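Coordinates in review
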Amino acid sequence: MNERGLLIVLSGPSGVGKGTVRKEIFEQPDTKFQYSISMTTRKPREGEVDGIDYFFKSREEFERLIAEGKLLEWAEFVGNYYGTPIEYVEKTLQEGKDVFLEIEVQGALQVRKAFPEGLFIFLMPPSLGELKNRIVTRGTESEDIINDRMRVAKEEIEMMDAYDYVVENDRIENACNRIKAIVTAEHCRRDRVAIRYKKMLEVE
Ligand SMILES: Nc1nc2c(ncn2[C@@H]2O[C@H](COP(=O)(O)OP(=O)(O)O)[C@@H](O)[C@H]2O)c(=O)[nH]1
Ligand SMILES: Nc1ncnc2c1ncn2[C@@H]1O[C@H](COP(=O)(O)OP(=O)(O)O)[C@@H](O)[C@H]1O
């Protein structure tokens, strides 16, 4: 039987670069994690595709999924619901594959309760000034929403102690390399390699 995969949770304040770093990690051919596509009631941005970037849902549909227990976690973030479908996560971990979630902080704290053995990584901006620059440069939000997101971001940064690792997103490439190195190290720490070598020694 396969050993269960590792649940990897990347979180951090809005605008820090979670989506950018996640996309870069998944573009690298050696990445073996499975990305869990979230559900949201947010309207698609230009270029976003249903079933690839998110599963886009109405508020009614989303509330029904919550009531039916179909979400591992969910949160309301700046006026919209976001959530992780539980079935895909369970099935994929069961197959022995690592699942990667990219979610905001309230949701990550819920996942921590359900999966205390998960690997929780907090992506940190080099500074609050740089965080605001990134949100403004992205140009997807109005000024009111940017101010809301900055206010939420400060509260979110206070939660970083609840994570296993804090990774600075100074350069995208550095952040990706750090995350992949952490996952590799965690697999070793969790004895997979040790067990394999023990078995090898038993055979010899
Ligand atoms: N709790 C939770 N948060 C999510 C989920 N999917 C995405 N998010 C987070 O929701 C926040 C807003 O996402 P989005 O509207 O796509 O904007 P952006 O990531 O800031 O560009 C981000 O912090 C995402 O990481 C999810 O399934 N659950
Ligand atoms: N390391 C980085 N250096 C400079 N800009 C970055 C970096 N990482 C992300 N960005 C930019 O910051 C903005 C916010 O990134 P995004 O991935 O949408 O953040 P999040 O998903 O955390 O809300 C985007 O315009 C993105 O191109």
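If you're wondering where the values come from, they're calculated on a predicted model, not measured in any experiment.

Quick notes on the rules
Residues numbered from 1 in each chain as written. Chains lettered and ligands numbered in written order. Predicted model: local features only at pLDDT ≥ 70, side-chain atom pairs only at ≥ 80, totals over all residues. Helix = DSSP H or I, 4+ residues; strand = E, 2+ residues; numbered from the N terminus. Rg over C-alpha atoms; globule rule 2.2 N^0.38 Å. Buried ≥ 20, exposed ≤ 12 C-beta atoms within 10 Å, placed from the backbone. Contact = placed C-beta atoms within 7 Å. Pairing = 2+ DSSP bridges. Axes fitted to C-alpha atoms, helices over the stretch in contact; angles between N-to-C directions. UniProt positions renumbered as here; feature names shortened; annotations may be inferred. Near = placed C-beta within 6 Å. Nonpolar A, V, L, I, M, F, W, Y, C, P; charged D, E, K, R; others polar. Expected span 1.5 Å × (residues − 1). Arc of directions from axis to C-beta.

When helices and strands are counted, the protein chain shows 8 helices and 9 strands. For a compact globule of 204 residues, the expected C-alpha radius of gyration is about 17 Å, and the protein chain comes in at 18 Å, within 12% of that figure. Its C-alpha atoms give the protein chain principal-axis dimensions of roughly 65 × 40 × 30 Å. Of all 204 residues assigned to the protein chain, the portion counted as buried reaches 29%. Sequence separation of 24 or more characterises 70% of the internal contacts of the protein chain that already satisfy a separation of 6 or more.

For Val78, which is not glycine, the phi dihedral falls at a positive 45 degrees. Position of Val78 relative to the elements: it lies in the loop between strand S5 (71-77) and strand S6 (80-85). Under the C-beta neighbour-count criterion, Val78 is labelled partly exposed, with 14 such atoms within 10 Å.

Moving on, we get to the sheet that holds strand S9 (residues 165-168). Here we have 5 strands laid out as an open sheet, ordered S2-S7-S1-S8-S9, and parallel in their pairing. Strands at the two margins of the open sheet, each flanked by one partner only, are strand S2 (34-35) and S9. Across 4 bridges, strand S8 (residues 119-124) lies against S9 in parallel orientation. Bridge pairing in S9 links Leu123 to Val167. Where helix H1 (residues 18-27) meets the sheet, its contacts fall on strand S1 (7-11), S2, strand S7 (99-102) and S8, and the angle it forms with S7 comes to roughly 155 degrees.

With that settled, consider the UniProt feature "binding site: ATP" (unreviewed entry) in the protein chain. As recorded in UniProt, the feature "binding site: ATP" (unreviewed entry) lies at Gly12, Pro13, Ser14, Gly15, Val16, Gly17, Lys18 and Gly19. Of note, Gly12 is situated in the loop between S1 and H1. The contact partners of Gly12, leaving out residues within four places of it in the chain, are Lys18, Phe122, Leu123 and Met124. By the secondary structure assignment, Gly15 is in the loop between S1 and H1. Residues in contact with Gly15, not counting those within four places in the same chain, are Leu131, Arg134, Ile135, Arg138, Arg149 and Ala153.

As a structural note, the neighbourhood of ligand 1 is formed by 16 residues, with Ser38, Tyr82, Ile103, Glu104 and Gly107 the closest of them. Mapped by element, the contributors of at least two residues to the shell around ligand 1 are H1, S5 and S6. Here the shell around ligand 1 is composed, by residue class, of 4 nonpolar, 7 polar and 5 charged.

In the vicinity of ligand 2 there are 13 residues, among which Gly17, Lys18, Gly19, Thr20 and Arg134 approach most closely. Counting only elements with at least two residues in the shell around ligand 2, the list comes to H1 and helix H5 (128-138). Looking at side-chain class alone, the shell around ligand 2 contains 2 nonpolar, 7 polar and 4 charged residues.

Okay, helix H7 (residues 172-189) next. With 18 residues, H7 should cover 26 Å at 1.5 Å per step; its first-to-last C-alpha distance of 26 Å lies within 8% of that length. Within the span of H7, buried status applies to Ala175, Cys176, Ile179 and Val183. Take H7 and look down its axis: the buried residues cluster within an arc of 100 degrees, on one side only. Turned more than 90 degrees from where H7 packs its buried face, Glu173, Ala181, Thr184, Ala185, Cys188 and Arg189 sit exposed.

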